[in-house]
Number of protein chains: 4
Amino acid sequence: MSDGTTGTATGARAPRRMRTDARRNVESLLEAAKTVFATSGVDVPAKEITDLAGVGVGTLYRHFPQRSDLIKAVIEREIDACADAAPALAAEHKPGIALARWLDRLAAFVATKRGFAAALHSGDPAFDGLSGYLMEKLGPALGSLLDTATAAGEIRAEVSPQDLLYAVAKLCAPLPDEEPDYGRRMVALLVDGLRPADSSADLPFAR
Amino acid sequence: MSDGTTGTATGARAPRRMRTDARRNVESLLEAAKTVFATSGVDVPAKEITDLAGVGVGTLYRHFPQRSDLIKAVIEREIDACADAAPALAAEHKPGIALARWLDRLAAFVATKRGFAAALHSGDPAFDGLSGYLMEKLGPALGSLLDTATAAGEIRAEVSPQDLLYAVAKLCAPLPDEEPDYGRRMVALLVDGLRPADSSADLPFAR
Amino acid sequence: MSDGTTGTATGARAPRRMRTDARRNVESLLEAAKTVFATSGVDVPAKEITDLAGVGVGTLYRHFPQRSDLIKAVIEREIDACADAAPALAAEHKPGIALARWLDRLAAFVATKRGFAAALHSGDPAFDGLSGYLMEKLGPALGSLLDTATAAGEIRAEVSPQDLLYAVAKLCAPLPDEEPDYGRRMVALLVDGLRPADSSADLPFAR
Amino acid sequence: MSDGTTGTATGARAPRRMRTDARRNVESLLEAAKTVFATSGVDVPAKEITDLAGVGVGTLYRHFPQRSDLIKAVIEREIDACADAAPALAAEHKPGIALARWLDRLAAFVATKRGFAAALHSGDPAFDGLSGYLMEKLGPALGSLLDTATAAGEIRAEVSPQDLLYAVAKLCAPLPDEEPDYGRRMVALLVDGLRPADSSADLPFAR
DNA sequence: AATGAATGAGACTTCATTCAT
DNA sequence: GATGAATGAAGTCTCATTCAT
């Protein structure tokens, strides 16, 4: 999905170039789905999405034959965006700060995914690949940030990227009426536990 | 619900004693619902529950007029059981151990509640009270364990019971194919971050 | 039903005297049904009736095995009361007045029977006898009033009691938001059409 | 609804032309509903209607989201047809005859509406507009016929169109086993009461 | 005789997915 | 390719009637 020019909605299979209007429809659908998912969760009726996108249901099913295909596409797209943000942060900030910023970015992404966890829960084989995709993309991104921070002595290397990834995903999944900052505070507390005994002053996380 | 002899299914309103067979049915329904919820989430069709309980749908709706009433009853019941476990643990173990054990107990409860978080998410006003109930019951139980551990110098007092409660709830909500121990490890990591700088050896949590 | 001492609810079959509490329950049920029918029509859930009567549903079904039995009992009872009112009116008033008063009485009865017409409509064989009962009881009562009025020269004899009976029943069945007087006005207009050409001044009906 | 070419089922909102098959389905549904309503009343299960129409239930709910929408559509359609018949009758017949014919037409329409009155009774806000619609459409039609007849000296002007409309509606609502002519006879009797004293010979109503 | 708990058929309605236009 | 109408399975809930207590 990170390739914006040749992929198709359903998995970069077709060699043929997509018609411009078709591509526009796919864009509208992804955008609409992202919005609606954030508002009402991934279980919304398809009609709600197509109405917002301004297309017919048929168009949705043409591009995303299974409902899960749409969910996957939306998520993967944001996973890509999240992974892509890591290098820039690493270049611009000190290792601890870069890590913190990126985790915030991740938290923000997760926070808009009401029902996403439930979808993963669902056992629906359609989502089988999603968890792997997430790890495949975000694992290295986070791993690299962690390594840099560890090398700089700002973090003890005691959590795997995977562990941390899931922890953020879970802690930041929003509950209704939850203090907006809650997820980030907990992530900070978690990472804070990883600081070397004598370097807390250097860490960007609230104590 | 903590009173096992006089409560009614819908909130201990009726003064009249419940008929024995009726009570048995309510028991069956709660038990069946608990089982099915753990297996298939809280969104299972009602029929699945009543079939397992061996009663007709009508009986379900007599005792739990809204589907949410059943969910609430099941959860509240387990919340009660969880809260009730705290004093015994406190009496039998050293403060740090008692805290650790109780958090494990909490984690186990949460682990069987697929879709419970989603239900809280749902915005359905039917669940409005549930979150409050949870805090009301478990907050003091955890608070007392935390206080004791803090007083014993085994914990720094830096998380509120509520923060910790939600963190456990979120970290331990099970994802498919997740390493079974994951939630507990993360909780340990979190609490570990709260140990006083020089007493890590005393703590029961894995490092 | 006009015999208040030996009949049973379901048709004066049993020779055995009814237990006092049983009789009281039947009374409560009939009274409650009458009230509820007037308010919400004859299709109300049985529970609504038994709750108002302060008895269990089982009691309802003991005395009125078919739902239609209850409806019939309620209606028949009021039909009886209506028929019984005729002689007194005839004794106390001039023929035209007596007729007018009695038709008002009939109109008032009909006005409280929302859904009664629909029940007759229903084609349910359970109601087969009801229409006949109505005619059998009210026909003679009205016939006698009509005859007297005709003999007194206050009415031309051009409608059968049956025709008039049904006309009143239909015109007075209440519609929502209907001017309360509507039924009576129309009945008056109808009967007015029956006056002898030169005696309009003597008639009690509004012109 | 009186426009047979561009209206939609739910109120002539959409500017877009209805697909031919969709229109055919709506027609089938209205036709089937009309038939079934006449036979079994307006409370029949939806399935019965869709089976007769040869469409799925979903189609019914697409075009008539509320059950009351279907009832309203059926009734309004026939109200329109009834109102539309007035001018032709007025053009072809003498005033008294035209009035009589039209009332017969109205009576015939009402006679097929078992349960229609009950629906109006129901208090369901969904039917709020229906009574008004009826008056709005039929009131002027009848008013004009009455005025013409009055001007011709064939009728004394003493009933409002509304009064007469409702009287016909009520008198002609069919009861089971009722003499088929009953409603029309009563309407005739009613209108007959309105004739001028010396012109009875001119009137088309049976005496 | 009274009670009210249990039953389960059946009504309504929604919505994912297919397919004619 | 796009559209949205059609489908019907599936789920929730109601309520008349039966029957154990």
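Within any chain, residue numbers begin from 1 and follow the written order of that chain's sequence. To read the labels, note that chains go from A and ligands from 1, taken in the order they are written. Given that this is a predicted model, residues contribute local features only at a pLDDT of at least 70 and side-chain atom pairs are listed and counted only at 80 or more, while totals for whole chains, interfaces and linings are drawn from all residues. Side-chain figures throughout are based on the complete set of non-hydrogen atoms in the structure, without hydrogens or water.

Draft legend 1. Spotlight on the overall build of chain A. Helix and strand labels come from DSSP, where a helix needs a run of H or I of at least four residues and a strand needs a run of E of at least two; each type is numbered from the N terminus. Helix and strand counts for chain A stand at nine helices and zero strands. Ordered by position from the N terminus, the helices and strands of chain A form the series α-α-α-α-α-α-α-α-α. A simple rule labels every residue: compare its accessible area, found with a 1.4 Å probe on the protein chains alone, to the largest value its type can have, and call it buried under 20%, exposed over 50%, or partly exposed in between. Per-residue burial over chain A gives 46% buried out of 207 residues. Per-residue and other accessible areas follow the Shrake-Rupley method at a 1.4 Å probe size, with only the shown protein chains counted as cover for residues. When the accessible surface of chain A is split by element, carbon and sulfur atoms take 52% of a total near 10,100 Å².

Draft legend 2. Local environment of the protein's contact with DNA strand E. Here, proximity means that at least one heavy atom of the residue falls within 4 Å of the molecule or strand. Near DNA strand E there are 29 residues, and of these Asn25, Thr59, Arg62 and His63 of chain B together with Asn25 of chain C occur at the shortest range. Of all atoms in DNA strand E that approach within 4 Å of the protein, 67% are sugar or phosphate atoms. At a separation of 2.6 Å, a phosphate oxygen of DNA strand E approaches a polar side-chain atom of His63 of chain B. Two N or O atoms form a polar contact when they lie within 3.5 Å of each other; inside protein one atom must be a possible hydrogen donor and the other a possible acceptor, and for residues adjacent in sequence the pair counts only when both atoms belong to side chains. With respect to DNA strand E, the side chain of Arg62 of chain C contributes an N or O atom lying 2.9 Å from a phosphate oxygen. Broken down by secondary-structure element, the contributors of at least two residues to the surface near DNA strand E are α1 (20–40) and α3 (57–63) of chain B together with α1 (20–40) and α3 (57–63) of chain C. Only Asp, Glu, Lys and Arg are considered charged in this grouping, and only Ala, Val, Leu, Ile, Met, Phe, Trp, Tyr, Cys and Pro are considered nonpolar; every other residue, Gly among them, is considered polar. Counted by class, the surface near DNA strand E contains twelve nonpolar, ten polar and seven charged residues.

Draft legend 3. Main features of the protein's contact with DNA strand F. For DNA strand F, the set of nearby residues contains 31 residues, the closest of which are Thr59 of chain A together with Asn25, Thr59, Arg62 and His63 of chain D. The sugar-phosphate portion of DNA strand F accounts for 65% of its atoms within 4 Å of the protein, the bases making up the rest. Contact between DNA strand F and His63 of chain A: a phosphate oxygen at 3.4 Å from a side-chain N or O atom of the residue. Among the secondary structure elements, those contributing two or more residues to the surface near DNA strand F are α1 (20–40) and α3 (57–63) of chain A together with α1 (20–40) and α3 (57–63) of chain D. Across the surface near DNA strand F, the residue classes break down as 13 nonpolar, eleven polar and seven charged.

Draft legend 4. Main features of the pattern of salt bridges. Throughout this description, the term salt bridge denotes a Lys or Arg side-chain nitrogen within 4 Å of a carboxyl oxygen of Asp or Glu. Overall, the coordinates contain 31 salt bridges over all chains when judged by the stated rule. In this structure, Asp163 of chain A and Arg185 of chain B form a salt bridge, with 2.6 Å as the shortest nitrogen-oxygen distance. With one member in each of two chains, Asp163 of chain A in helix α8 (residues 161–172) and Arg185 of chain B in helix α9 (residues 182–192) form a pair that bridges those chains. A relative accessible area of 9% places Asp163 of chain A in the buried class.

Draft legend 5. Broad picture of the packing of aromatic side chains. Stacked, edge-to-face and tilted labels apply to pairs of Phe, Tyr and Trp rings (six-membered ring for Trp) whose centres lie within 6.5 Å, assigned for plane angles under 30 degrees, over 60, and everything in between, in that order. Summed over the entire model, instances satisfying the criterion amount to four aromatic pairs over all chains. Both rings, one in Tyr182 of chain A and one in Tyr166 of chain B, keep their centres 6.3 Å apart while their planes meet at 75 degrees; by these two values the pair is edge-to-face. Highlighted residues: Tyr182 of chain A in helix α9 (residues 182–192) and Tyr166 of chain B in helix α8 (residues 161–172), drawn from two different chains.

Draft legend 6. Molecular detail of the UniProt feature "DNA-binding region" (unreviewed entry) in chain A. UniProt positions are given in the numbering used here, feature names are shortened, and annotations may be inferred rather than shown by experiment. UniProt records the feature "DNA-binding region" (unreviewed entry) for residues 45–64 of chain A in the present numbering. Taken end to end, residues 45–64 of chain A has its terminal C-alpha atoms 14 Å apart, with 75% of it in helix and 0% in strand.

Draft legend 7. Expanded view of the environment of Leu134 of chain B. For Leu134 of chain B, the position within the fold is in helix α7 (residues 128–151). Its relative accessible area of 10% is what places Leu134 of chain B among the buried residues.

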